[in-house]
Each structure stands twice: as structure tokens, then as C-alpha cells.
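Chain and residue survey
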There are 2 protein chains.
Amino acid sequence: MEFSEWYSDILEKAEIYDVRYPIKGCGVYLPYGFKIRRYTFEIIRNLLDESGHDEALFPMLIPEDLLAKEGEHIKGFEDEVYWVTHGGKTPLDVKLALRPTSETSIYYMMKLWVKVHTDLPIKIYQIVNTFRYETKHTRPLIRLREIMTFKEAHTAHSTKEEAEKQVKEAISIYKKFFDTLGIPYLISKRPEWDKFPGAEYTMAFDTIFPDGRTMQIATVHNLGQNFSKTFEIIFETPTGDKDYAYQTCYGISDRVIASIIAIHGDEKGLVLPPIVAPIQIVIVPLIFKGKEKEVNEKAKELYEKLKGKFRVHIDDRDIRPGRKFNDWEIKGVPLRIEVGPKDIENKKITLFRRDTMEKFQVDETQLEEVIEKTLNNIMENIKNRAWEKFENFITVLEDINPDEIKKILSEKRGVILIPFKEEIYNEELEEKVEATILGETEYKGNKYIAIAKTY
Amino acid sequence: MEFSEWYSDILEKAEIYDVRYPIKGCGVYLPYGFKIRRYTFEIIRNLLDESGHDEALFPMLIPEDLLAKEGEHIKGFEDEVYWVTHGGKTPLDVKLALRPTSETSIYYMMKLWVKVHTDLPIKIYQIVNTFRYETKHTRPLIRLREIMTFKEAHTAHSTKEEAEKQVKEAISIYKKFFDTLGIPYLISKRPEWDKFPGAEYTMAFDTIFPDGRTMQIATVHNLGQNFSKTFEIIFETPTGDKDYAYQTCYGISDRVIASIIAIHGDEKGLVLPPIVAPIQIVIVPLIFKGKEKEVNEKAKELYEKLKGKFRVHIDDRDIRPGRKFNDWEIKGVPLRIEVGPKDIENKKITLFRRDTMEKFQVDETQLEEVIEKTLNNIMENIKNRAWEKFENFITVLEDINPDEIKKILSEKRGVILIPFKEEIYNEELEEKVEATILGETEYKGNKYIAIAKTY
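Because the structure is predicted, anything quoted here is derived from the model rather than measured.

With that settled, consider the sheet that holds strand E16 (residues 312-314) of chain A. Sheet strands line up and pair through hydrogen bonds in the backbone, either parallel or antiparallel. All names here are of chain A. Spatially, the five strands line up as an open sheet ordered E16-E15-E17-E18-E19, and their pairing is mixed. Among the strands making up the open sheet, the edge pair consists of E16 and strand E19 (358-363). Each adjacent strand pair in this sheet contributes to an overall mean axis angle of 25°, direction not counted. Bridge count between strand E15 (residues 281-285) and strand E17 (residues 335-339): five bridges; the pairing is parallel. Counted as the bridge partner of Pro-285 is Val-339 from E17. Where helix H9 (residues 292-306) meets the sheet, it contacts E15, E16, E17 and strand E18 (348-353), and its direction lies at approximately 165° from that of E15. Contacting E15, E16, E17 and E18, helix H10 (residues 321-330) crosses the sheet at an angle of about 170° to E15.

Here you go:
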């Protein structure tokens with residue numbers, strides 16, 4: 001099955017996201033998908049909280065004059081902004097934009113908060129919906145008109161060096177985040193012509209989808225003093241001078257959910273990292289005539305024993321076990337416990353792990369210990385598997401040969417790395433190879449230009 | 001100080017919400033306020049999850065034709081809806097509303113999900129931002145144009161009785177929620193002319209603010225089959241017939257945060273229920289010359305000891321202790337630990353509780369136990385205090401006398417209860433008493449009409 005077909009299919013069958021809402025590029029996070037989202041963003045929330053970021057919440061509407069204040073920034077977004085023009089039947093005096101991103105609304109407030117260097121640094125984030133009037137083909141959780149989940153962090157500092165350090169901190173937080181989820185990435189510095197509108201430079205994380213195209217999954221921007229000059233975020237330095245704040249911002253969206261699905265999934269369906277699985281262990285009672293009571297009691301007993309430590313569910317629906325197995329395999333539940341009369345007799349438990357589709361037995365006395373180990377092992381395994389596939393998708397070339405590049409990108413696909421040379425690093429190269437330049441990147445100690453077909 | 005002045009003042013000083021955003025009725029949840037919001041909505045989230053509700057997330061934009069589908073519903077909202085008319089410079093084919101509430105978007109999807117009675121019940125909720133183009137005077141967290149936090153639950157059932165039972169469950173969940181926060185309430189059935197647009201009937205929770213005006217803090221609606229007929233939510237019954245689903249919906253907004261502030265606060269500032277306090281215990285080291293090291297070490301030691309069980313913070317800023325005390329009193333931190341050289345010598349700990357402003361000493365060995373007890377005691381105390389004030393605001397009259405009612409509502413204010421009589425229960429009564437009829441209510445076993453000046 002082709003990837004994009006598989007992807008649509010799995011969103012529906014695993015009950016992640018319903019695309020049937022009557023606006024293009026807008027859909028519904030179903031309860032199962034919502035839980036994956038909740039656990040996933042809880043990870044990044046914890047990483048940000050631990051590193052001194054504060055969560056806040058800013059308005060969704062941005063007045064036209066505010067959005068238009070930073071010239072380059074608005075140029076980058078003006079074709080994609082949704083405009084509110086009426087309240088009831090009354091035309092509004094000032095048009096209001098649905099936030100495409102929140103630099104302008106947040107920096108308007110930062111000006112009010114920053115007076116002296118001791119007010120800095122500010123490290124703030126919010127998790128909100130943002131909007132883009134996409135004219136391109138939309139795709140669920142990948143290219144949306146309502147990006148339902150956008151984690152955006154914004155910082156302000158009193159020196160250039162501190163802002164630079166913040167970019168590094170953000171990159172290290174995002175590395176930890178994707179490592180926790182087992183999502184492989186290539187970090188590159190986007191070329192000048194592809195940086196964030198208003199930024200000094202943009203660092204980006206790209207992963208590679210099963211069809212060999214790259215997907216941008218996170219960006220970190222050093223904004224320098226571009227926005228602080230426009231928004232007059234001015235502070236008094238320790239020596240009594242005035243300076244503009246040095247800023248950074250960085251974001252992660254619903255695409256991380258799309259990546260969890262795409263990177264780890266297989267022909268059977270989802271394969272969820274245990275840390276974000278809404279159900280980590282499903283217990284399926286195998287009912288045999290005359291043994292109903294003891295099987296159900298055992299299932300219940302195991303449930304009670306495990307529920308304090310893991311997210312467990314008993315599937316007591318009145319359908320064949322085979323159908324139950326199938327349902328939970330599609331939904332990517334990492335572990336299944338099968339409870340049958342024979343196992344009860346032998347004081348054994350049958351476990352099934354979703355990642356390898358293997359069944360094995362353990363002594364009941366060792367159950368919790370084995371589960372813990374197996375869940376860790378599943379995480380390690382799917383992470384290694386994902387990185388292996390990722391590395392296989394990377395082709396290192398010794399020099400630039402457009403025909404060779406085009407051939408690789410149409411057959412094997414993935415990312416091509418060619419040695420970095422200033423003189424070839426420009427927009428024309430994109431035309432020559434009929435692909436996108438992701439940017440400059442380091443790979444095994446050498447500097448390369450990364451080229452790929454992107455989403 | 002007048003209440004509304006106190007309220008604005010405290011939002012600013014306690015760093016809850018910044019009103020200086022350049023759109024009327026839109027503001028910023030600051031980190032401290034955001035944490036209160038987060039812990040508060042975590043309580044309702046848990047209550048809903050435990051009672052079989054599923055969290056989901058629906059689109060923010062609603063096409064005009066969808067919103068207009070249910071006649072009464074749209075009539076109730078049409079003057080208050082914000083309209084998106086353009087994407088970039090392109091006029092949209094169909095205008096898009098910013099959701100004022102989500103019945104129409106959710107019920108469009110429910111039609112797709114419901115085929116047979118076994119698909120029911122559906123009990124779903126989301127926590128989202130909603131929008132009203134308010135022409136009235138806006139107030140932070142009370143009457144907003146962007147309601148930043150709206151918890152809306154929507155259910156569908158196969159019988160009328162089940163929907164009726166769901167209304168009762170919703171009421172009992174909301175009771176638990178407000179009881180947990182110590183917010184007093186009067187529950188009433190709103191009069192016909194004031195029910196939710198499209199509902200069969202509306203049950204509402206009102207609390208009373210310190211200025212004697214009532215504040216609607218929650219509503220529960222029985223929608224009957226009104227929406228399911230419009231949106232064609234049809235299911236096959238066990239006997240093979242077709243029927244329309246029976247629906248309910250119920251909501252809670254940012255007003256719960258406003259209530260926590262207004263109901264429990266005092267002249268000094270916030271008094272937070274420990275369960276939602278971002279910091280439950282603040283440790284203030286009392287530094288004396290020559291004793292710096294031992295005091296700071298002790299503070300650190302206590303912090304390490306308590307941080308696993310409570311939300312603790314050490315205030316090690318280089319300012320006078322008096323200023324620290326004041327800051328945390330304004331922010332409503334329930335407990336303060338003062339660490340001084342004398343206490344260390346005597347193996348005693350000095351505690352200060354915010355609700356009573358009392359200081360007392362405990363043996364260090366009993367610290368954790370005393371803290372736990374004291375936090376519970378604070379919760380009980382502020383809850384009882386709030387209910388006492390609430391009861392004092394209720395005046396029970398034996399019969400209707402418009403002049404008397406007007407007098408009470410202009411002097412003592414609060415809620416007036418008059419015995420329920422069908423013949424006087426109509427809109428004209430509102431004109432006569434120059435106040436709002438909250439609805440029918442039971443109070444100490446009798447049925448009354450509740451009258452008040454409302455927010």
C-alpha cells in the first residue's frame with residue numbers, strides 16, 4: 001500500500017483524527033488521538049518547565065496594524081492570514097487576524113514587561129491553535145488550515161551571547177523530546193532564502209517519512225534584534241545604557257503526532273511508543289466454556305495489580321478474541337496480556353509485544369518486572385529501528401552531479417548530502433536538482449548541504 | 001476599596017491576567033494565573049474522565065450554513081458572532097464563524113458517528129477558546145470577547161430518561177467541582193425566556209460576588225431532540241425503529257478563575273485553595289549576619305524534604321523578608337515557612353497560614369504531618385467562610401413586594417427568594433422588581449423564585 005493511503009487509512013481505523021469536517025484542512029482529534037496528543041505534549045511541557053520556561057496564554061486575534069508592524073514578517077504571512085472583518089453584522093474598525101504564529105502579539109506585551117536588564121531573560125511558551133489559509137494540498141496533522149496544536153516558545157535576553165546560548169538550549173530540548181519519542185532527525189541551518197520571516201537565522205529538525213520525503217518537525221529561530229527594534233523592547237543595561245532585547249523563538253506542532261504515526265507504524269497499524277500510548281497494556285480474557293468465572297476473575301485481578309503503575313485496559317467486549325487482538329494491534333497498544341485457563345493453571349502469563357509481534361510466557365511472580373523491562377525494550381527497539389531506516393535514507397555524495405541527485409531522489413529518495421561549498425550554495429541549486437535545499441548540516445563530523453524532496 | 005477596583009488591582013498585582021492587550025475583551029494569562037487555570041481545569045478534567053467522558057478537540061471555525069442550521073440557536077448568537085471573510089486577499093466562498101460555542105460543529109460530526117443504539121451514549125468534552133463580539137462592558141475573566149477557556153461537554157443518548165439522568169450527573173459533577181474549590185452556588189432552573197438558545201431547559205449554577213451581584217458560573221442544558229432533528233443524528237433502536245438522539249450539553253468557563261479570586265480573596269490579596277495554588281508553601285530564609293550559611297542550608301533542607309509531596313518554593317531573592325511576605329500574601333500562597341537561626345536552635349519551624357494570617361510553631365519532627373493537616377484545614381476554613389458569606393447574602397421573603405425587593409437589592413443586595421407561584425413567574429416580574437429572575441430553585445426544602453442583580 002502506498003504511504004499516503006496507509007496514513008489516511010490508519011488515522012481513521014485507529015480513531016486518531018476525523019477528516020470529514022466540512023472545512024478543508026480542519027478536522028477533529030478523536031478521543032484516542034487526543035490522548036496521544038496529550039501525553040506527547042506533556043513531555044515537551046515538562047522539558048520546558050524544567051528548563052525555566054513559563055507557560056502562558058495569549059489572545060488568538062491580532063489587530064492588523066500589529067501584525068503588519070514587522071515588514072519582513074508580514075510579507076512572509078500575508079497571503080495565508082485569515083481575516084475577521086465583522087462582529088455580528090457590524091464591520092470592525094480594525095481587521096483582526098487569526099494568529100498564524102504569535103510573535104507580534106507576544107512582543108507587544110514584552111515591551112510592557114521589560115524595563116531593566118533584571119527583567120530579562122523572559123522564557124515563555126504557549127500551546128495553542130494557529131491558522132494558515134493554505135492554498136496547497138492540505139493533509140491531516142501535516143498541512144492544516146487550523147493547526148490545532150502549536151507549542152511556541154519565545155525568549156528575550158540582554159545579550160547576543162545569551163540569545164545564542166538559548167538557541168542551543170532549545171535545540172537540546174528538542175533533541176531530548178524527539179529522542180524520547182524515538183523520532184530520528186537531521187538538524188540543519190536553513191538557507192537564507194528559506195529562513196523564518198524576520199529571523200536572523202533558522203535551525204530546523206527534519207525527519208524522513210516512509211515514502212522518503214522529509215518532514216520539518218521543529219524550528220528554532222534566532223531573531224536577533226529585528227523584532228525588539230520594531231516592537232521597542234528596550235531595557236536599561238547594568239551600565240545605564242539602553243539596548244534592544246535579543247530574542248529567539250522555537251516551535252513544534254501537530255506534525256509530531258503525524259511523525260509518531262508514520263515513523264513507527266507498520267502494515268498492521270500503529271506502533272506506539274509506550275510513553276504516549278493511551279493504553280500501554282490491554283488484557284484480553286480468553287473465555288472457554290465452563291471457565292468463564294476464573295478467567296474473568298484473573299483478568300480483573302491482573303488489572304487491579306497493574307493499574308497503579310501502567311495504563312491498563314481490560315477488553316471485556318462480547319466478541320471473538322481474534323477481533324480484539326486485531327483492534328488493539330491497529331491502535332498500536334505496546335503490550336497485550338492474554339488470560340486463558342491453561343495459563344492460570346500453570347501460573348503463567350502470556351504476553352504479546354506489538355513491535356515484534358512476538359508472544360512469550362512469564363511466571364506470574366515476575367510479571368511487573370518483565371512488563372517494565374519489556375516496555376523499555378520496546379521503546380529502545382522502535383527507536384533503533386527508526387534510526388536505522390533513517391540512516392538508510394541518507395546518501396552521502398562526494399560531489400554535485402545534478403543527474404545523479406535527481407535519479408536518487410526519484411528512486412531511493414531520502415536525503416542527499418553533498419560537501420558544503422559556498423559557491424554552489426544558492427537558490428539556483430534547487431532548480432538544478434529539482435528539489436529543496438534543507439540547509440547546511442553536520443554529518444559524522446563533516447559539513448554538508450542537505451537536499452531532499454520535502455512535504 | 002470597591003470590589004471592581006480591588007479585582008482589577010489584584011489581577012495585576014498577583015500577576016494573573018494582563019488586560020493591556022490592544023483588543024477590548026482580550027487579555028493575557030500570565031504564568032502565575034496560567035498555573036491556577038491549569039490546576040483548576042485539571043480537577044474538572046479528572047471528574048469528567050472518571051465518569052466516562054472522553055476528551056476530544058473540534059475545529060474553531062464553523063461554516064455559516066452549519067451555524068445557521070438550528071433556527072433558535074443562531075438567533076441567540078447572531079449579533080455576537082465574529083466572521084472570517086477573507087483568506088489572505090481572497091474573499092471566502094462561505095463565511096466562517098469563530099465558534100461562540102460548539103453544538104453545531106460537534107453535532108455535525110455526531111451524525112457521522114451514530115448509526116445504531118449501541119453507538120450511544122456518546123459523552124465527549126473539549127477545553128477550548130470561544131468568541132463573542134460583546135457589545136456590553138467587558139471584564140477580565142468574566143465577560144470576554146475571547147473566552148480563553150471554555151470546557152464544554154456534549155452527550156447523546158438513546159432515551160429521554162437517559163438524557164435526563166445525564167443532566168443529573170452533570171449537576172453532581174459540577175457540585176463536586178465547586179465544592180473542591182470551596183465556591184458556593186445556588187442551582188436554579190432558568191426561566192423559559194432565559195434558557196440556552198435551542199435547549200428544552202437550562203439548569204444554572206450562580207455564585208454571589210463580594211459586591212452582592214450574582215455570577216453565572218456553570219450551565220447544564222437538556223437539548224431534547226431539537227438539535228438531533230436538525231442535524232439528523234438518527235439511530236436504529238433495539239426494535240429496529242429509527243429515533244433521534246436525546247442530547248445534553250454543559251459548560252464551565254474562565255469565570256471559575258474569576259470566582260476563585262473574588263470569593264476567597266481579602267484586602268491583602270488572593271487566598272488560594274491549596275489544590276490550585278501554584279505554590280502551596282513558600283520558604284523564606286530570615287538571614288542574620290553570621291548565620292547566613294546555616295539558615296540557607298536549613299531552608300534548602302526543608303525544601304528537599306517537602307518538594308516530593310507539595311508544591312514548594314524558596315524565596316532567596318536579595319530583598320527584605322517583609323517584602324517577601326507581602327508578595328506571597330498578595331499571591332495567596334496558603335502556607336509560609338520562616339526559617340530563622342533561633343528556630344533552628346530550638347528545632348522548631350515557624351508556619352504562617354494565609355487564610356487566618358496566623359503564625360504558629362511546630363516541632364520539626366511533625367512538620368509534614370502538620371502541613372498536610374493545615375492545608376486541609378485551610379481548605380475547610382475558606383470553604384465554610386465562603387458559604388457563610390453566601391448564606392448571609394440570601395434573603396427569604398414570604399411574599400412578593402416589589403418595593404421591598406428593590407430596596408434589598410440596592411442595599412444588602414445578594415439573592416432574594418420568594419415563594420414560587422406560577423401566576424407571577426413571567427418576564428413582567430423582572431420589570432417590576434428591576435432585577436433578573438435567576439429561575440426556580442429549591443432552598444431548605446421549599447420551592448422559590450430567585451431574584452438578583454447579575455453580572
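Tracing the backbone shows Glu-55 of chain A in strand E3 (residues 54-55). At 2.8 Å, the side chain of Glu-55 of chain A forms a polar contact with the side chain of Arg-45 of chain A. A distance of 3.2 Å separates the side chain of Glu-55 of chain A from the side chain of Tyr-125 of chain A, its partner in a polar contact. Setting aside chain neighbours within four positions, we find Glu-55 of chain A in contact with Arg-45, Tyr-125 and Ile-127 of chain A together with Pro-31, Phe-34 and Arg-38 of chain B.

On to the environment of Gly-265 of chain B. All names here are of chain B. Locating Gly-265 in the fold gives a position in the loop between helix H8 (255-264) and strand E15 (281-285). Here Gly-265 falls in the buried class, since its relative accessible area comes to 12%. Each C-alpha atom of the pair Gly-265 and Leu-417 lies 27 Å from the other, and the pair is 152 residues apart in sequence. Beyond its immediate chain neighbours, meaning those up to four positions away, Gly-265 contacts Trp-6, Ile-260, Leu-270 and Val-271.

This part is about the nonpolar core. Counting 86 residues, the largest nonpolar core has Leu-61 and Leu-98 of chain A together with Leu-61 and Leu-98 of chain B as the members making the most contacts within it. Leaving out residues up to four positions away in the same chain, Leu-61 of chain A has contacts with Val-84, Leu-96, Ala-97 and Leu-98 of chain A together with Tyr-21, Ile-23, Tyr-82, Leu-98, Phe-131 and Glu-146 of chain B.

Turning to the UniProt feature "domain: Aminoacyl-transfer RNA synthetases class-II family profile" (unreviewed entry) in chain A, a few remarks are in order. In the numbering used here, UniProt assigns the "domain: Aminoacyl-transfer RNA synthetases class-II family profile" (unreviewed entry) feature to residues 31-273 of chain A. Across residues 31-273 of chain A, the secondary structure splits into 33% helix and 33% strand, with the terminal C-alpha atoms separated by 18 Å.

Right, let's get into the domain arrangement of chain A. Once the domains are mapped, chain A shows domain 1 (3-264), domain 2 (281-377) and domain 3 (393-452). Each of domain 2 of chain A and domain 3 of chain A was reduced to a C-alpha centroid, and the two centroids are 48 Å apart.

Here we take up the pairing of E18 of chain A. All names here are of chain A. Counting buried residues along E18, five of its six residues qualify, which places the element largely inside the surrounding structure. As judged from the four bridges shared by E17 and E18, these two strands associate in the antiparallel manner. Bridging across to E18, Glu-338 finds its partner in Thr-350. As paired elements, E18 and E19 share six bridges and run antiparallel to each other. Paired with Arg-353 across the two strands is Glu-358, which belongs to E19. The antiparallel pairing of E18 with E19 creates a hairpin that spans four residues between the two strands, and Met-357 there sits at a positive phi of about 60°.

Our next topic: the interface of chain B and chain A. The interface is formed by 58 residues belonging to chain B together with 58 residues belonging to chain A. Summed over both partners, the interface of chain B with chain A buries about 4600 Å², with 65% contributed by carbon and sulfur atoms. At the junction of chain B and chain A, the tally comes to eight salt bridges. Here Arg-38 of chain A makes a salt bridge to Glu-42 of chain B, at a shortest N to O gap of 3.9 Å.

All names here are of chain A. Relative to each other, helix H1 (residues 3-13) and helix H8 (residues 255-264) sit at 115°, their axes nearing to 11 Å. Judged by the angle between their axes, H1 and H8 are roughly perpendicular. Judged by the sense of rotation from one axis to the other, the crossing of H1 with H8 is right-handed. For the pair H1 and H8, contact is made by Phe-3, Trp-6, Tyr-7, Ile-10 and Leu-11 and by Ala-258, Ile-261 and Ala-262, respectively. Partitioning the contact of H1 with H8 into residue classes produces eight nonpolar, no polar and no charged.

The final tally for this structure, using the stated rule, is 72 salt bridges over all chains. In this structure, Glu-64 of chain B and Lys-95 of chain B form a salt bridge, with 3.7 Å as the shortest nitrogen-oxygen distance. On the criterion of sequence distance, the pair formed by Glu-64 of chain B in helix H3 (residues 64-67) and Lys-95 of chain B in strand E6 (residues 90-98) is long-range, its members being 31 residues apart. According to the relative accessible area criterion, Glu-64 of chain B is partly exposed, its value standing at 33%. Among the residues examined, Lys-95 of chain B registers a relative accessible area of 30% and is labelled partly exposed. Connected through salt bridges with shared partners, the residues Arg-38 of chain A together with Glu-42, Arg-45, Asp-49 and Glu-55 of chain B form a single ionic network.

A few words on the sheet that holds strand E5 (residues 82-87) of chain A. The six strands are arranged E4(A)-E6(A)-E5(A)-E5(B)-E6(B)-E4(B) in an open sheet whose pairing can be described as antiparallel. Only two strands of the sheet have a single neighbouring strand rather than two, namely strand E4 (61-63) of chain A together with strand E4 (61-63) of chain B. Strand-to-strand twist across the sheet, computed as the mean angle between neighbouring axes with direction ignored, equals 45°. Bridging between E5 of chain A and strand E6 (residues 90-98) of chain A involves four bridges; their strand directions are antiparallel. Opposite Gly-87 of chain A, over in E6 of chain A, you have Thr-90 of chain A as the bridge partner.

Detailed reading of the predicted coordinates is not advisable wherever pLDDT is low. Considering every residue of chain A, the mean pLDDT works out to 96; 100% of them sit at 70 or more. Confidence metrics for the complex model read pTM 0.97 and ipTM 0.97.

Our next topic: the packing of helix H2 (residues 31-50) of chain B against H8 of chain B. Any two packed helices are characterised by how steeply their axes cross, that is the angle between the axes, and by the distance between the axes. Residues and elements named next belong to chain B. Packing of H2 against H8 brings their axes to within 10 Å, and their N-to-C directions diverge by 110°. Classified by the interaxial angle, the pair formed by H2 and H8 is roughly perpendicular. Of H8, the residues touching H2 (which contributes Ile-36, Arg-37, Thr-40 and Phe-41) are Val-256, Ile-257 and Ile-260. Within the contact of H2 with H8, the residues separate by chemical class into five nonpolar, one polar and one charged.

Now for the environment of Arg-20 of chain A. With respect to the element layout, Arg-20 of chain A can be found in the loop between strand E1 (17-18) and strand E2 (28-29). Other than its neighbours up to four places away in sequence, Arg-20 of chain A contacts Tyr-108, Met-109, Leu-112 and Trp-113 of chain B. A distance of 2.9 Å separates a polar atom in the side chain of Arg-20 of chain A from a polar atom in the side chain of Asp-18 of chain A.

What relates the pair of chain copies is a rotation about an axis plus a shift along that axis. Mapping chain B onto chain A leaves a residual RMSD of 0.0 Å; the transformation is a rotation of 180° accompanied by 0.0 Å of translation along its axis. Overall, the copies show the geometry of a two-fold rotation axis. Residues of chain B ranked by C-alpha distance from the rotation axis are headed by Val-84 of chain B, positioned 2.0 Å from it. Residue by residue, 100% of the interface of chain B is reproduced at the interface of chain A, so both copies engage with the same surface.

What counts and what doesn't
- Residues numbered from 1 in each chain as written.
- Chains lettered and ligands numbered in written order.
- Predicted model: local features only at pLDDT ≥ 70, side-chain atom pairs only at ≥ 80, totals over all residues.
- Heavy atoms only, no water.
- Pairing = 2+ DSSP bridges.
- Helix = DSSP H or I, 4+ residues; strand = E, 2+ residues; numbered from the N terminus.
- Axes fitted to C-alpha atoms, helices over the stretch in contact; angles between N-to-C directions.
- Contact = heavy atoms within 4.5 Å.
- Polar contact = N/O pair within 3.5 Å; in protein donor to acceptor, adjacent residues only side chain to side chain.
- Buried < 20%, exposed > 50% of the residue type's maximum accessible area, 1.4 Å probe, protein only.
- Core = buried A, V, L, I, M, F, W, Y, C linked by side-chain atoms within 4.5 Å.
- UniProt positions renumbered as here; feature names shortened; annotations may be inferred.
- Domains from an automatic or database assignment.
- Buried area = accessible area lost by both parts, 1.4 Å probe.
- Salt bridge = Lys/Arg side-chain N within 4 Å of Asp/Glu carboxyl O.
- Parallel < 35°, antiparallel > 145°, perpendicular 65-115°, else oblique.
- Left-handed = near helix turned anticlockwise from the far one by under 90°.
- Nonpolar A, V, L, I, M, F, W, Y, C, P; charged D, E, K, R; others polar.
- pLDDT = per-residue confidence, 0-100.
- Least-squares fit on C-alpha atoms with pLDDT ≥ 70 in both.

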